[in-house]
Every structure is written in C-alpha cells, then in structure tokens.
Amino acid sequence: MTATVADAELVTAVQFAEARERIRGAVLHTPLVRLPSVTDAVAYLKAESLQPIGSFKLRGAFNAVAQLSEAQRQRGVITYSSGNHGQGVAYAARALGVKAVIVMPGNAPSNKLESTAALGAEVVKVGPSSEERRIRAEELAARHGYAIVPPYNDEHIIAGQGTTGLEILDQLPGVETVLVPVGGGGLISGISVALKLSKPSVKIIGVEPELAADAQASLRAGHIVEFSAEQVTQTLADGLRTQSIGAINFEHIRTYVDDIITVKESEIEQALRALGGQAETIAEPSGATAVAGFLFHADELPRTKINVAVISGGNIDPQLLAEMRSK
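Cut-offs applied
Residues numbered from 1 in each chain as written. Predicted model: local features only at pLDDT ≥ 70, side-chain atom pairs only at ≥ 80, totals over all residues. Heavy atoms only, no water. Helix = DSSP H or I, 4+ residues; strand = E, 2+ residues; numbered from the N terminus. Rg over C-alpha atoms; globule rule 2.2 N^0.38 Å. Buried < 20%, exposed > 50% of the residue type's maximum accessible area, 1.4 Å probe, protein only. Contact = heavy atoms within 4.5 Å. Areas by Shrake-Rupley, 256 points an atom, 1.4 Å probe, with all protein chains shown as cover. Lys, Arg positive; Asp, Glu negative; His and termini not counted. Charge placed at Lys NZ, Arg CZ, Asp CG, Glu CD. Pairing = 2+ DSSP bridges. 1 Å grid on protein atoms, 1.4 Å probe; cavity = no way out; pocket = protein on both sides within 12 Å on 5 of 7 lines; lining within 4 Å. Points joined across faces, edges and corners; volume = space filled by probe spheres on them. Nonpolar A, V, L, I, M, F, W, Y, C, P; charged D, E, K, R; others polar. Expected span 1.5 Å × (residues − 1). Axes fitted to C-alpha atoms, helices over the stretch in contact; angles between N-to-C directions. Core = buried A, V, L, I, M, F, W, Y, C linked by side-chain atoms within 4.5 Å. Parallel < 35°, antiparallel > 145°, perpendicular 65-115°, else oblique.

(A) Region of the structure containing the overall build of the protein. A count of helices and strands for the protein gives 14 helices and twelve strands. A compact globule built from 327 residues should have a C-alpha radius of gyration of about 20 Å, and the protein, at 18 Å, falls within 12% of that. Per-residue burial over the protein gives 59% buried out of 327 residues. In the protein, 73% of the contacts between residues at least 6 apart in sequence involve partners at least 24 apart. Of the roughly 12600 Å² of accessible surface on the protein, a fraction of 49% belongs to carbon and sulfur atoms. Positive and negative side-chain charges in the protein, numbering 29 and 36 respectively, have mean positions lying 4 Å apart.

(B) Local environment of the pairing of strand E3 (residues 42-47). The buried fraction of E3 is high, at five of six residues. In this structure, strand E2 (residues 32-35) lies alongside E3, joined through four bridges in antiparallel fashion. What sits directly across from Leu35, in E3, is Ala43. Examined bridge by bridge, E3 and strand E12 (residues 306-311) share six bridges and lie parallel to one another. Opposite Leu45, over in E12, you have Ala309 as the bridge partner.

(C) Seen up close, empty space enclosed by the protein. Inspection of every chain in the model, using the stated rule, returns one cavity of 30 Å³ or more. In this structure, the largest cavity occupies an estimated 90 Å³ of space. Considering the residues around the largest cavity, the lining is formed by Ser82, Pro105, Asn107, Ala108, Pro109, Pro128, Arg133, Thr233, Asp238 and Arg241. When the residues that make up the lining of the largest cavity are grouped by side-chain class, the tally is four nonpolar, three polar and three charged.

(D) Region of the structure containing helix H13 (residues 285-296). Helix length check: H13 (twelve residues) gives 15 Å between terminal C-alpha atoms against 16 Å at 1.5 Å per residue, within 8%. Taken across its twelve residues, H13 has ten buried, putting it largely inside the fold. Turning to H13, its buried residues number three or more, namely Pro285, Ser286, Gly287, Ala288, Thr289, Ala290, Val291, Ala292, Gly293 and Phe294.

(E) Molecular detail of the sheet that holds strand E9 (residues 203-209). Strand order in the open sheet formed by six strands is E2-E3-E12-E8-E9-E11, and the pairing between neighbours is mixed. Two strands in the sheet have a free side with no partner beyond their single neighbour: E2 and strand E11 (259-263). Averaged over all pairs of adjacent strands, the angle between their axes in this sheet comes to 30°, without regard to strand direction.

(F) Highlighting helix H5 (residues 110-118). Those residues of H5 that sit buried are Asn111, Lys112, Leu113 and Thr116. At the exit of H5 stands Gly120, carrying a positive phi of roughly 95°.

(G) Representation of the nonpolar core in the model. Ranked by internal contacts, the top residues of the largest apolar core, which has 27 residues, are Leu45, Leu179, Leu275 and Phe294. Among the secondary structure elements, those contributing two or more residues to this core are E3, E9, E11, helix H12 (265-275), H13, E12 and helix H14 (318-326). Broken down by element, this core gets its largest block of residues, five residues, from H13. Setting aside residues no more than four positions away along its own chain, Leu45 makes contact with Pro31, Leu32, Val33, Leu35, Leu275, Thr281, Val291, Ala309 and Ile311.

(H) Here's a closer look at the environment of Glu18. Assignment of secondary structure puts Glu18 in helix H1 (residues 13-23). Spatially, the C-alpha atoms of Glu18 and Val263 are 35 Å apart, while their sequence positions differ by 245 residues.

(I) Representation of the side chain of Thr163 within the structure. Within the element layout of this structure, Thr163 appears in helix H7 (residues 155-171). With residues up to four places along the chain from it excluded, the contact list for Thr163 reads Phe16, Ala19, Arg20, Ile23 and Arg59.

(J) A look at the packing of H1 against helix H2 (residues 57-65). At a closest axis distance of 9 Å, the pairing of H1 and H2 adopts a crossing angle of 90°. Put simply, H1 runs roughly perpendicular to H2. Residues Ala19, Arg22 and Ile23 of H1 lie in contact with H2, whose contacting residues are Arg59, Phe62 and Asn63. By residue class, the composition of the contact of H1 with H2 is three nonpolar, one polar and two charged.

(K) Inspection of the sheet that holds strand E4 (residues 77-80) at higher detail. Strand order across the open sheet formed by four strands is E6-E5-E4-E7, with parallel pairing between neighbours. Edge positions in the sheet fall to strand E6 (122-126) and strand E7 (147-148), since each has one partner strand and no second. Across five bridges, the pairing between strand E5 (residues 100-105) and E6 is parallel. Across the sheet, residue Val101 finds its bridge partner in E6, namely Glu122. Along the sheet, helix H4 (residues 84-96) contacts E4 and E5; its crossing angle with E4, the most-contacted strand, is approximately 165°. Seen against the sheet, helix H6 (residues 130-144) touches E4, E5, E6 and E7 and runs at an angle of roughly 165° to E4.

These figures come from the coordinates and say nothing about function on their own.
Encoded structure:
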C-alpha cells in the first residue's frame, strides 16, 4: 500500500539556525561518547538519551510548541505518539504554560505512559496502530480546537531535530558517516539536511528494524510504502513502529540520505546489552538500533573511519533492561 507524497519545501539552514536559538536553554547539548573498537573505524555515540525527557524528541517538540500563536496556546495542543514525542510535547507545553493532550497506544511501555502523565499531560489511550493515534488526535483537535503538533511530518519538528546534526558537526568536524534510527523520519530528515548543507561529503545512513523497514522500502521504491500495524508492532523497538514515513520527511530523505539499512531483533538486543554497561549510554531498543547497524553491518556501511551513531532515546522499561543484563 502506498501513500501520496505532498509537495514539500525542504527545511533551510536559516530554519535550523533559528530552531537552535529557540530551543537553547530548554534542550541539552548532549555529549559524544566514544564506543570501544578493535578496528580502524571509530564510532562516537550521540547520547540524546540524556535529554531531560530521555530522548531527542524534545528538540522538535519544543521548537514547534514555542512557535504557536497566543490564541493557539490558550486552546492547548494535542499530539499522537508511541511515547517519546508525547513526552516532548508534554514537557514543552508545561514549560510554556500550555494544556497538552497526548494520544498514545495502550500497549506503550508503562514507563512512557506514566512519564507523560507525570508531566501534566492528559493521556488518551487507543489501539496499537499509528493511524489510529493520528485519526483520534485529529478528531479531538477538531472538537476542542487544539493545535496539532505532529510527531515527524512537519517542518518545525524537522528543524528542531536537525539541531542534533549541528551539534555533531560542532563536536566532531571530521565526522564522515552518521547513522540514524528511522521511525517516521523526523530525526533523519533534520540531521541529513542540517549536516549536508554544511558538509556535503558526510554520509547519512538510516537504520531500521527488519520488521519495520518501511523507510528502506520507500527509498528503494521511490514512493512511500506503508506497512501494516500487525507487521511493525512485532519489533522490540517500540519507537520505530511507525507504519510509514511522513510525506515531508520522504522528500528530505530521498534528497539527502545516502542509504537505509536494516537490523535483526537479535542485533538490537545485543546492542542494548553493550550499551547498558554504563549509565551514560543506556538505551531503549529504538535508541540502540543505529548502534546495532554500526556493530553488525560494517559491510553495508561506507568505508569511513570517523563515525557517529545516534542513541535517540534511553527510556527503556526497567524490567526489559534487567532482562537484557541477565542474558
């Protein structure tokens, strides 16, 4: 099944710079942590798991909510999320004095449901389908006048997420390849454009679970390919269970992303265990996916020596973390 690609303007260098200033003070400048390696290829981990909400999603959410008009803020905001984006919107809304409603799947990890509610948001639970979340959010927005803050298919979101790429280049000017996990496509859209506009030679590689490889299928087909909810919910990486990438994201991806590779569930689990050994690199399954790509798929990656893999989130369920450590 395919979705229609809308005409989309690519985010500009000016928008990234403005987003960086807009979110300054609300978002952390996260560190690069070197991953031990026995080869000539060096990998640094961009630890977005250390953000106040444990995920890069705060960048785009804060950038989007901060640009709402006073009238929109008075009515409140709504979004649909499997967890981390919802927390980002809830955090930004609380900081800016705005009511937030978050539509989440009832089978989301309990720690993400609880953390979102703890940030003061009203949580509305629906089924596992990402489309079901979107439709319910749009219904509530129409009924109550809430402003919708999309999780990825939005220029403000992309600009905010792209500040991650600007930081990587500041911290490691010699970077040659950046590996980014792909769900709806907001993070890789932002990072790829922000980096390529400044350093066209850098390679951007997306990494997806084999069970939710809709972005790879879309890049190969030249149009957006949609996967079923039954298919994508099989992956352990709950943050990457999106059924299709956004139309705006697809335009950015096919223009600036060099390739998208996939990883097995067992490889994600091995990456989780490798990262769980030190507090600053603890990752949730989605956050470990790009690292799994670096660790187990060197033959599919550019032959570069200075690489960065983004740990997109660290909100792992405590029980799952304990299980990973015990294996």
